[in-house]
Amino acid sequence: MSTPETTAPEAPRHFIRQIIDADLASGKHPTVVTRFPPEPNGYLHIGHAKSICLNFGLALEYKGRCHLRMDDTNPAKEEVEYVESIKEDVRWLGFDWGAHDHNASDYFGRMHADAVRLIELGKAYVCHLSLEEMRAHRGDLVTPGKPSPWRDRPVAENLDLFAKMTRGELDEGSAVLRAKIDMASPNLLMRDPVIYRIRKASHHRTGDAWCVYPMYDYAHPLEDAYEGITHSICTLEFEIHRPFYDWLLRTLDTPAKPQQIEFARLNLTYTVMSKRRLLELVQERRVAGWDDPRMPTISGLRRRGIPASAIRRFCETIGVTKHNSLTDVALLEHAVRDELNRTAPRAMAVLDPVRLVIENYPEGASEELEAVNNPEDPAAGSRKVPFSRTLLIEREDFMEDAPRKYFRLTPGQEVRLRWAYFVRCTGCVKDADGKVVEVRCTYDPATRGGDAPDGRKVKGTIHWVSEPHAGDVEVRLVDRLFLKEDLNDLAEGEDWRAHLNPGSLRVARAKVEPSLLALAPGAAVQFERVGYFVADAKDSSPGKPVFNRTVTLKDSWAKAAAKA
RNA sequence: UGCCCGAUGGUGUAAUGGCAGCACGACUGACUCUGACUCAGUCUGUCUAGGUUCGAAUCCUAGUCGGGCAACCA
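Fair warning: this is a prediction, and the values are worked out from it, not measured in the lab.

**Considering the sheet that holds strand β7 (residues 212-214)**
- Overall, antiparallel pairing links the 4 strands, which are arranged β4-β5-β6-β7 in an open sheet. If you trace the sheet from one side to the other, it starts and ends with β4 (124-127) and β7, each paired once. Adjacent strand axes in the sheet meet at a mean angle of 25° when their direction is disregarded.
- Bridge count between β4 and strand β5 (residues 176-179): 4 bridges; the pairing is antiparallel. The partner of Val-126 across the bridge, within β5, is Leu-177.

The following block contains the structure:
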């Protein structure tokens, strides 16, 4: 597991850091304890990564600790499969919760005892209103609610009824436990919220031990208090829940009084982030699974070849605020390129091959040339690449009638074959349809290795593979999943699925230099002049890698050409 | 119609009463054995109107715009 870089001292003092600084300075807390509390009902995505980096990052930064806690209070929606994937993803991101592997369900006993205490305090009651009746009693945004007819029943009766609920003697939906607060509160969440409901369902951890399950609003503050969380960081939509959070801790007078702090969730261009939509993509088979390389899930990003360090860096870059924003996915891509440029070994692969014949190179001969593995990292060393008379180059690296400033192969022009020789184009061979089937050239033996002893320069360098030595591999040209920038900005009735990019996955064959065949599954590589790729961790087999494109290289020529 | 929260270049953010800064992006150009990287330069911003102050992105008031809130979900 990689160790996350400690945050630079000049890191922006975002508002949460400022709150913590103040709390530490005032002595309110001796240390920082945060938590990451996912509900195990789906896979983690890049938005969760923001929260993970924030919570675990803060703990690291302040030498406190961060707990991992499964918020498993709803037996109907949660599964073990998700628990495992969540742990794997957090670990992969580089974080460690140590011994603090918790579950909301660990506290069902304590929460229940606290509910009994609430009843004894006269602050909770059993209510039999149906869903519809309760909605009607709640009032609305502008009109106060009406009290439930059971609001003032005696403590003893509440105790007895809650015990019956707990023993499973009451039917689902026939009763709930409600906090008794204020039916006229302008905050609807304070109008006697439900805190326990009957669910005769089997829970993935507690089995059939319980017939009543706590609601999130009741459970979460208690979980935080039990664990001694100091700063309970969540997303903006929970802001309105904070008064109840504080009310509960105050009413129960818990020894610990964690503080809930809200920040804006991550939105990314060309990306859907809601669990519901991601689930639908999987269920409707619009992607191959949760870990499809096009998915913004942690497992998808991992399979796509995006390094954990790039995700961490990205999360630090985007900052933490209280206002909604839409982050350009280019920021993520930049973090990925930046990391991979430093670390990924280079190799040559031709995605759209056309044959290049060197007329003056001996037939049947071959040799090995030295190629640098990573110009950005001398320690990466070099490798041998086979060379012969017949090579394969990218089709787009030859043009019969080239525009000015086209530095690649065109009749009469000299270019460098990367790490090999200078070659001068002599022409091409076409088939009956006029399609180029072969490019011809001559080479200068004196330029072996790629430099001319006479000091002459070429403007262009192109990549190549030796046809007789080339490996043939599958490459998956992964592109953005959606064509629309802001998937949250949809017209009434507009289906987000209509913006799916039909070209988000193009499967192709590529010709590659032999060294690439030995690449370990999960290893990143740069195909020179093309992009960063990763040997797919799932579908690669020994000697037979399958490559996923992580991100393309920037291509200012393509941009210029498109403009012309 | 109520309550809560927010607003800084195209995008993400910093500045917490004292020179509006950084990163991404776009556009030039230099360099280059990757038209990559790197480097240099250019571009573009404090929602509006009042007020407080020597001085306001920052404090106050009003407005505008955006987001959230009426699951026995989290």
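**Considering the packing of aromatic side chains**
- Under the definition given, this model contains 20 aromatic pairs.
- An angle of 25° between the planes, with centres 5.4 Å apart, marks the rings of Phe-56 and Phe-95 as stacked. Of this pair, Phe-56 sits in helix α2 (residues 46-61) while Phe-95 sits in the loop between α3 (80-92) and β3 (101-103), and the two are 39 residues apart along the sequence. Note on accessibility: Phe-56 and Phe-95 belong to one class, buried.
- A network of ring pairs unites the aromatic residues Tyr-361, Phe-387, Tyr-421, Tyr-443 and Trp-464 as a single cluster.
- Just above the ring of Tyr-226 sits the side chain of Arg-110; from NZ or CZ to the centre is 4.0 Å.
- The ring of Trp-92 has Arg-302 lying over it, and the distance from NZ or CZ to the ring centre is 5.2 Å.

**A few points about the pairing of strand β1 (residues 33-36)**
- On β1, burial covers both faces: Val-33 and Arg-35 on one face and Thr-34 and Phe-36 on the other are all buried.
- As paired elements, β1 and strand β2 (residues 65-70) share 4 bridges and run parallel to each other. Counterpart to Thr-34 in the pairing with β2 is Cys-66.
- Handedness of the crossover is the feature at issue here: the chain leaves β1, passes through α2, returns alongside β2, and the resulting connection is right-handed.

**Overview of the pattern of salt bridges**
- If you walk through the whole model with that rule in mind, you get 58 salt bridges.
- Among the ionic pairs, Arg-167 bridges to Glu-169, the shortest N-O distance being 2.6 Å.
- Exposure remark for Arg-167: the relative accessible area of 52% places this residue in the exposed category.
- The class of Glu-169 is partly exposed, set by a relative accessible area of 45%.
- Among the ionic pairs, Arg-509 bridges to Asp-472, the shortest N-O distance being 2.7 Å. With Arg-509 in strand β22 (residues 505-512) and Asp-472 in strand β21 (residues 471-478), this pair connects stretches of sequence that are 37 residues apart.
- Its relative accessible area of 38% is what places Asp-472 among the partly exposed residues.
- Where salt bridges share partners, they join Asp-291, Arg-303, Glu-474, Arg-476, Asp-536, Lys-538 and Asp-539 into one cluster.

**Digging into the side chain of Arg-383**
- Considering the arrangement of structural elements, one finds Arg-383 in strand β14 (residues 382-388).
- Under the relative-accessibility criterion, Arg-383 is labelled buried at 11%.
- A polar contact of 3.3 Å, which involves the side chain of Arg-383, links it to the backbone oxygen of Arg-346.
- A polar atom in the side chain of Arg-383 sits 2.9 Å from the side chain of Asn-373.
- In this view, Arg-383 contacts Arg-346, Ala-347, Met-348, Leu-369, Glu-370, Ala-371, Val-372, Asn-373, Glu-513 and Ser-515; residues no more than four positions away in its chain are not counted.

**Considering the pairing of strand β15 (residues 390-394)**
- Counting buried positions along β15 gives 4 out of 5 residues, so the element sits mostly inside the fold.
- Sheet topology note: the strand β12 (residues 353-358)/β15 ladder contains 5 bridges and is antiparallel. Bridge pairing in β15 links Val-357 to Thr-390.
- Here β15 runs beside strand β20 (residues 465-466); their pairing, made up of 2 bridges, is antiparallel. Paired with Leu-391 across the two strands is Ser-466, which belongs to β20.

**Here's the deal with the domain arrangement of chain A**
- Splitting chain A by domain gives domain 1 (15-101 + 219-332), domain 2 (109-216), domain 3 (349-463) and domain 4 (474-563).
- Here domain 2 and domain 4 have C-alpha centroids that lie 51 Å from each other.

About the criteria used
- Residues numbered from 1 in each chain as written.
- Chains lettered and ligands numbered in written order.
- Predicted model: local features only at pLDDT ≥ 70, side-chain atom pairs only at ≥ 80, totals over all residues.
- Heavy atoms only, no water.
- Pairing = 2+ DSSP bridges.
- Helix = DSSP H or I, 4+ residues; strand = E, 2+ residues; numbered from the N terminus.
- Axes fitted to C-alpha atoms, helices over the stretch in contact; angles between N-to-C directions.
- Phe/Tyr/Trp six-rings, centres within 6.5 Å; stacked < 30°, edge-to-face > 60°.
- Buried < 20%, exposed > 50% of the residue type's maximum accessible area, 1.4 Å probe, protein only.
- Lys NZ or Arg CZ within 6 Å of the ring centre and 35° of its normal.
- Right-handed = clockwise from strand over helix to strand, strands pointing away.
- Salt bridge = Lys/Arg side-chain N within 4 Å of Asp/Glu carboxyl O.
- Polar contact = N/O pair within 3.5 Å; in protein donor to acceptor, adjacent residues only side chain to side chain.
- Contact = heavy atoms within 4.5 Å.
- Domains from an automatic or database assignment.

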